[in-house]
Amino acid sequence: METTIGVGLLGLGTVGCGVVKILQSPKGRNPLVSKINLKRVAIKNLQKKRNLSLDSSIFTDDPLKVVEDPSVQVVVEVMGGLEPARSLILRAISLGKSVVTANKAVIARYGEEIAEAAKNNGVYVLIEAAVGGGIPIIEPLKQSLGGNQIRKVSGIINGTTNYILSRMAKEGVSYQNVLEEAQKLGYAEADPAADVEGLDAADKIAILSSLAFGGSVSRSDISTTGINKLQSRDIEYASRLGYSIKLLAIAENLEDSENSGNSSIPLALWVEPTLVPTHHPLAGVNDVNNAILIEGDPIGEVMFYGPGAGAGPTASAVVADILNIAGISTLTTAKNGVDPLLSSASWRDCHLVNTNRIIQKNYLRLITKDSPGVIGQIGSLFGENNVSIQSIVQFDATNSQAEIVVITHKVNKGSMKDSLNKIQQLSEVKSLEAHLGCL
Ligand code: HSE
């Protein structure tokens with residue numbers, strides 16, 4: 001039996017440094033931590049000064065040297081980006097090495113290919129750090145909840161946008177102001193697109209969906225709306241109506257409602273700023289915290305909550321995966337018929353339903369002329385299209401224009417779109433200023 005486990009690290013950014021710090025201070029942690037030997041580290045810039053006591057001989061700017069080093073048994077990929085990360089992961093697998101990765105972009109797109117390669121080579125690919133930072137969610141979905149039929153996964157799975165939304169709500173400030181400050185403080189990236197446009201959350205919900213439902217869907221077809229167009233006015237109105245606005249990522253199994261006779265599982269996946277009633281468990285999740293709510297049978301609802309981003313929490317998940325491999329590698333290999341990414345033997349066939357079939361409540365804000373009968377006309381058009389209104393409020397009427405906020409009952413996105421097209425053609429309606437989801 002091996003007494004130590006040789007690790008090669010690809011990337012020494014925020015997460016990589018967090019991993020090194022844990023490995024260098026094993027006291028009080030699982031005894032296996034002291035058995036993890038950092039053998040090689042790939043970095044971009046060999047000249048850059050780093051505040052870590054590591055022997056300079058372990059550094060290289062050629063990541064292949066890390067992957068191919070015979071003393072490296074587990075490759076930890078925390079470099080991010082699609083390439084060369086994907087190729088390096090596949091190379092490690094082909095050399096019979098297990099991989100730990102935090103790379104949601106790669107797993108969301110190439111998870112099936114990577115899992116197949118890992119299965120063929122009898123190695124593990126563990127991805128706890130890819131979703132929810134320090135929150136244990138991947139292994140619980142694979143193992144602890146295995147006896148459930150999962151119906152829905154909904155979560156706040158991007159820390160940066162949750163931080164921005166929390167501050168907008170608390171301080172009544174604009175999206176742009178909070179973003180600029182978050183960038184200065186290092187909470188948001190210099191290029192915030194992946195976070196604020198919802199792309200990072202879409203990667204993560206694709207991964208959670210594949211674990212919950214046992215099969216993957218096309219990442220590029222996930223309907224994604226970020227927070228970059230959100231106005232503080234809508235956060236204020238939502239609050240007055242008893243809601244918080246959160247960037248939710250949702251994956252839902254529509255098998256029960258469809259009954260199509262097709263063996264492929266119909267799934268709806270989407271990312272969207274959504275009104276969450278203040279009494280709902282996701283409404284109280286603030287700052288960089290993440291939370292994932294799983295609904296299944298027979299468990300009912302279970303929520304996982306904790307720090308969703310940052311060096312320490314993400315490194316905590318990476319090190320847990322290394323320990324899992326150190327623990328299991330002496331007992332078994334991934335060849336025993338179980339998929340190294342899923343808990344089941346193989347991937348099931350899943351497909352995304354057309355976005356128009358997603359059913360939910362809606363929040364709308366319209367600017368209209370302040371003239372008699374406008375609310376009546378809007379109400380009639382909704383009625384003709386089977387959209388039922390939960391509440392309709394006129395918040396402000398100045399300079400001969402009115403601001404009308406509507407919350408609908410549950411309706412499919414197709415009927416919603418049709419009725420909004422007709423409403424926007426009314427001469428009294430000047431613009432649709434906001435259209436958000438609502439729980
Ligand atoms: N940028 C991500 C977030 C962290 O803000 O949640 C890494 O997944």
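What you are looking at is a predicted structure, and each value in this text was computed from that prediction instead of being measured.

(A) Broad picture of the site of the ligand. Taken together, K104, N158, G159, T160, D195, D200, K204 and A309 are the residues near the ligand. Between T160 and the ligand, the recorded distance is 2.5 Å, taken from a side-chain N or O atom to an oxygen atom. Residue K204 places a side-chain N or O atom 2.8 Å away from an oxygen atom belonging to the ligand. Taking 260 Å² as the accessible area of the ligand by itself, protein coverage stands at 79%. At the level of secondary structure, the elements contributing two or more residues to the shell around the ligand comprise helix 6 (159-171) and helix 9 (199-213). Grouping the constituent residues of the shell around the ligand by class yields one nonpolar, three polar and four charged.

(B) Summary view of the packing of helix 6 against helix 7 (residues 175-184). As a packed pair, helix 6 and helix 7 sit with axes 9 Å apart at the nearest point and diverge in direction by 125 degrees. The orientation of helix 6 with respect to helix 7, classified from their angle, is oblique. Of the two possible hands of crossing, helix 6 and helix 7 adopt the one that is right-handed. Together, Y163, I164, R167 and M168 of helix 6 and Y175, V178, L179, E181 and A182 of helix 7 make up the contact between the two elements.

(C) Main features of the domain arrangement of the protein chain. Considered domain by domain, the protein chain is made up of domain 1 (5-137 + 312-335), domain 2 (138-308) and domain 3 (356-438). Placing a centre on the C-alpha atoms of domain 1 and another on those of domain 3 gives a separation of 50 Å.

(D) Structural view of helix 13 (residues 374-384). Within the sequence span of helix 13, burial applies to V374, I378, L381 and F382. Buried residues in helix 13, looked at end-on, bunch into an arc of 100 degrees, giving them a common side. Positive phi appears at N386, one or two residues downstream of helix 13, with a value of about 60 degrees.

(E) Molecular detail of unusual backbone geometry. Omega for the bond connecting E83 with P84 falls within 30 degrees of zero, at 10 degrees, which places this linkage in the cis form. With respect to the helices and strands, P84 occurs in the loop between strand 4 (74-77) and helix 3 (85-94). At D287, a residue that is not glycine, the phi angle is positive and equals roughly 60 degrees. Inspection of the secondary structure puts D287 in the loop between strand 10 (265-277) and strand 11 (289-297). Not every positive phi belongs to a glycine, and N386 is a case in point at roughly 60 degrees. Examined against the element boundaries, N386 turns out to sit in the loop between helix 13 and strand 15 (389-398).

(F) Structural view of the side chain of T274. Relative to the assigned elements, T274 resides in strand 10. According to the relative accessible area criterion, T274 is buried, its value standing at 1%. Among the polar contacts made by the side chain of T274, one reaches the main-chain carbonyl oxygen of E272 at a distance of 2.8 Å. T274 has contacts with S244, I245, K246, L248, G437, C438 and L439, leaving out every residue within four places of it along the chain.

(G) Looking closely at the packing of helix 4 (residues 104-121) against helix 9. Interaxial distance between helix 4 and helix 9 falls to 8 Å at its minimum, and their mutual angle equals 50 degrees. Here helix 9 runs oblique to helix 4, going by the angle between their axes. Classified by chirality, the crossing of helix 9 by helix 4 is left-handed. Where helix 4 abuts helix 9, its residues K104, A105, I107, A108 and R109 lie against D200, D203, K204, A206 and I207. Of the residues contributing to the contact of helix 4 with helix 9, the split by class is five nonpolar, no polar and five charged.

(H) Looking closely at the pairing of strand 10. By the criterion of burial, strand 10 is predominantly enclosed, with 13 of the 13 residues buried. Burial along strand 10 is two-sided: I265, L267, L269, V271, P273, L275 and P277 facing one way and P266, A268, W270, E272, T274 and V276 facing the other are all buried. Here strand 8 (residues 223-224) runs beside strand 10; their pairing, made up of two bridges, is parallel. Directly across from S223, in strand 10, lies its bridge partner W270. Sheet topology note: the strand 9 (residues 243-253)/strand 10 ladder contains 11 bridges and is antiparallel. Its bridge partner lying in strand 10, L248 is registered against E272. Here three bridges tie strand 10 to strand 13 (residues 350-352), and the two strands are oriented parallel to one another. Looking at strand 13, one finds that I265 is bridged to C350. As paired elements, strand 10 and strand 18 (residues 429-438) share two bridges and run parallel to each other. Residue pairing across strands places L275 opposite C438, the latter belonging to strand 18.

About the cut-offs
Residue numbers restart at each chain and count upward from 1, following the sequence in its written direction. Reporting of local features is limited, given that this is a predicted model, to residues whose pLDDT is at least 70; pairs of side-chain atoms are given and counted only at 80 or more, and all residues count toward the totals for whole chains, interfaces and linings. In computing side-chain properties, one takes all heavy atoms of the structure into account and sets aside hydrogens as well as water. One heavy atom suffices: a residue is near a molecule or strand as soon as one of its heavy atoms comes within 4 Å of it. Polar contacts, as counted here, are pairs of nitrogen or oxygen atoms within 3.5 Å of one another; within protein the pair requires one atom able to donate a hydrogen and one able to accept it, and residues that are adjacent in sequence qualify only if both atoms are side-chain atoms. To measure how exposed things are, a 1.4 Å probe is used in the Shrake-Rupley method; for residues, cover is taken only from the protein chains shown. Strands are runs of DSSP state E lasting at least 2 residues, helices are runs of H or I lasting at least 4, and numbering of each runs from the N terminus. Classification used: nonpolar for Ala, Val, Leu, Ile, Met, Phe, Trp, Tyr, Cys and Pro, charged for Asp, Glu, Lys and Arg, polar for all others including Gly. Each axis is a line fitted through C-alpha atoms, and for a helix only the stretch in contact is used; angles between axes span 0 to 180 degrees, taken between their N-to-C directions. Oblique is the label for any angle not covered by the other classes, which are roughly parallel (under 35 degrees), roughly antiparallel (over 145) and roughly perpendicular (65 to 115). Should the near helix be turned counterclockwise from the far one by less than a right angle, the crossing is left-handed, whereas a clockwise turn marks it as right-handed. In what follows, a contact means two residues having at least one pair of non-hydrogen atoms within 4.5 Å. Marked domain ranges trace back to an automatic or database domain assignment. Burial status follows relative accessibility: with a 1.4 Å probe on protein chains alone, a residue under 20% of its type maximum counts as buried, one over 50% as exposed, and anything between as partly exposed. Directions from the helix axis toward the C-beta atoms define the arc. At least two DSSP bridges between two strands are required for those strands to pair.

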